[in-house]
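# Residue-level structural notes
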Amino acid sequence: MALAEAERPIKSPQQRRRAALWTLVPSMVFLGAACVAAILAPALAPHDPNASQLLAALQPPSASHLLGTDNLGRDVLSRVIYGARVSLIVGFMTALLAGGLGLAAGLVAGYFGRGLDAVLMRLADIQLSIPLLLLAIMVLAVLGPGMRTLILVLGVTGWVLFARTTRSQILQLRNAGFVEAVRSTGAGHLRILARHLLPNVVQTAIVLATFTIPQMILAEAALSFLGLGIQPPTASWGNMIAAGQPYLLVGVWWITFFPGIALFLTVVSINLIGDWLRLRLDPQARDVL
């Protein structure tokens, strides 16, 4: 095994660049199409996503309904398009909220240290001891479901990764030469944090956000599947999969398949873009790209 790995040819930077582009370009095309569909959903959806036609229920894909209809006769294609809007809004807004909270906490904890650092990191340790979905389920069971509540809960529970990563970077930078030089001119803590330390951690936060967005999209789908996220009749890929699950055994596959494949491709696309972005922003990996 070791000999086989040793004989494996090492890819040149050009070959790695070409391989990265093979995954990057399709991922960006699909994600761009999903964003366009989410923004222009009212214009692109061929039918009202919530309009029920019981006489047309459970129809397979056809010319009138390209992706078929669900158990209430609603057009699956229209609901998939509107579901993209829900998933992307929840994913991006949650990552923005979690990133903002985590950056602020990491900056403060790493720069000031001591008691404040200990308190924030202990809070992070406590939250890490509870799985994300379990914590979200407990909070949503108390506050009730809904998009705003879902974004708030997932955002507040997703700050830890940003905070711990930012803190570790600030611990290395707070006594750097450029910080000491700025401090010697009489600059205050807020100016040092905002103008000199924050720009050095933003790139890492952007990379973390690209991996947080798909995680939050999956969390939204899971919670909606359980009935604690986006509530019917609002279209969400999670509640669409849940609605179609009972009909899989009778051969009605399209209700769950199309939102499921849309969810899968969206998560994979964002992850591949995030992986490329990580290599692009990592100084040690720039020779690859």
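Whatever comes next refers back to the structure up there.
To keep things clear, this report deals only with the structure shown in the data block. (Residues numbered from 1 in each chain as written. Predicted model: local features only at pLDDT ≥ 70, side-chain atom pairs only at ≥ 80, totals over all residues. Heavy atoms only, no water.)

## Digging into the overall build of the chain
- From N to C terminus, the chain includes 12 helices and zero strands.
- The order of α-helices and β-strands along the chain, N terminus first, is α-α-α-α-α-α-α-α-α-α-α-α.
- Counting over 289 residues, the chain shows a buried share of 42%.
- Summarising the internal contacts of the chain: among those between residues at least 6 apart in sequence, 72% fall at separations of at least 24.
- If you sum the accessible surface of the chain, you get close to 15,300 Å²; carbon and sulfur atoms cover 68% of it.
- Positive and negative side-chain charges of the chain, numbering 20 and 12 respectively, have mean locations separated by a distance of 9 Å. (Helix = DSSP H or I, 4+ residues; strand = E, 2+ residues; numbered from the N terminus. Buried < 20%, exposed > 50% of the residue type's maximum accessible area, 1.4 Å probe, protein only. Contact = heavy atoms within 4.5 Å. Areas by Shrake-Rupley, 256 points an atom, 1.4 Å probe, with all protein chains shown as cover. Lys, Arg positive; Asp, Glu negative; His and termini not counted. Charge placed at Lys NZ, Arg CZ, Asp CG, Glu CD.)

## As for the packing of helix α4 (residues 76-112) against helix α5 (residues 114-128)
- Close contact between α4 and α5 brings their axes to 7 Å; oriented N to C, the two are set at 140°. Between α4 and α5, the angle falls in the class oblique. For the crossing formed where α4 meets α5, the hand is left-handed. Contacts between α4 and α5 involve Ala105, Val108, Ala109 and Phe112 from the former and Arg114, Leu116, Asp117, Leu120 and Met121 from the latter. (Axes fitted to C-alpha atoms, helices over the stretch in contact; angles between N-to-C directions. Parallel < 35°, antiparallel > 145°, perpendicular 65-115°, else oblique. Left-handed = near helix turned anticlockwise from the far one by under 90°.)

## Quick word on the environment of Ala37
- With respect to the helices and strands, Ala37 occurs in helix α2 (residues 13-39).
- On the basis of relative accessible area, Ala37 is assigned to the buried category, the value being 15%.
- Between the C-alpha atom of Ala37 and that of Ile151, which follows or precedes it by 114 residues, the distance is 21 Å.

## Things to note about helix α7 (residues 147-157)
- Those residues of α7 that sit buried are Thr149, Leu150, Ile151, Val153, Leu154, Gly155 and Thr157.
- In the core, the buried residues of α7 are packed alongside α4, α5, α6 (132-143), α8 (159-173) and α10 (189-225).

## A look at the pattern of salt bridges
- Across all of its chains, the model carries seven salt bridges by this definition.
- Here Asp117 ties to Arg167 by a salt bridge, and the two come within 2.6 Å at their closest N and O atoms. Highlighted residues: Asp117 in helix α5 and Arg167 in helix α8, separated in sequence by 50 residues.
- Here Asp125 ties to Arg164 by a salt bridge, and the two come within 2.8 Å at their closest N and O atoms. With Asp125 in helix α5 and Arg164 in helix α8, the pair connects residues that are 39 residues apart, well separated along the chain.
- Residue Asp125 is classed as partly exposed on the basis of its relative accessible area of 32%.
- Overlapping salt bridges, with partners in common, bring together Asp70, Arg74 and Arg79 in one network. (Salt bridge = Lys/Arg side-chain N within 4 Å of Asp/Glu carboxyl O.)

## Thoughts on unusual backbone geometry
- At the junction of Pro232 and Pro233, the peptide bond is cis and its omega measures out at 10° in the coordinates.
- Within the fold, Pro233 resides in the loop between α10 and α11 (237-244).
- The backbone of Leu58 shows a phi angle near 60°, a positive value even though the residue is not glycine.
- Mapped onto the elements of the fold, Leu58 is located in the loop between α3 (41-44) and α4.
- Under the relative-accessibility criterion, Leu58 is labelled partly exposed at 30%.

## Topic: the packing of aromatic side chains
- In this structure the tally under the stated criterion is five aromatic pairs.
- Ring geometry for Trp253 against Phe257: centres 5.7 Å apart, planes inclined by 75°, an arrangement best described as edge-to-face.
- When the centroid spacing of 5.7 Å and the interplanar angle of 45° are considered together, the rings of Trp253 and Phe258 count as tilted.
- Assessed through its relative accessible area of 42%, Trp253 is described here as partly exposed. (Phe/Tyr/Trp six-rings, centres within 6.5 Å; stacked < 30°, edge-to-face > 60°.)

## Let's talk about the side chain of Arg79
- Looking at where Arg79 falls in the secondary structure, it is placed in helix α4.
- Leave out the neighbours within four places in its chain, and Arg79 touches Pro49, Asn50, Asp70, Arg74, Pro233, Thr234, Ala235, Asn239 and Met240.

## So, the side chain of Ser27
- With respect to the helices and strands, Ser27 occurs in helix α2.
- Judged by its relative accessible area of 4%, Ser27 is buried.
- From its side chain, Ser27 meets the backbone oxygen of Thr23 in a polar contact 2.6 Å long.
- The contact partners of Ser27, leaving out residues within four places of it in the chain, are Ser269, Leu272 and Ile273. (Polar contact = N/O pair within 3.5 Å; in protein donor to acceptor, adjacent residues only side chain to side chain.)

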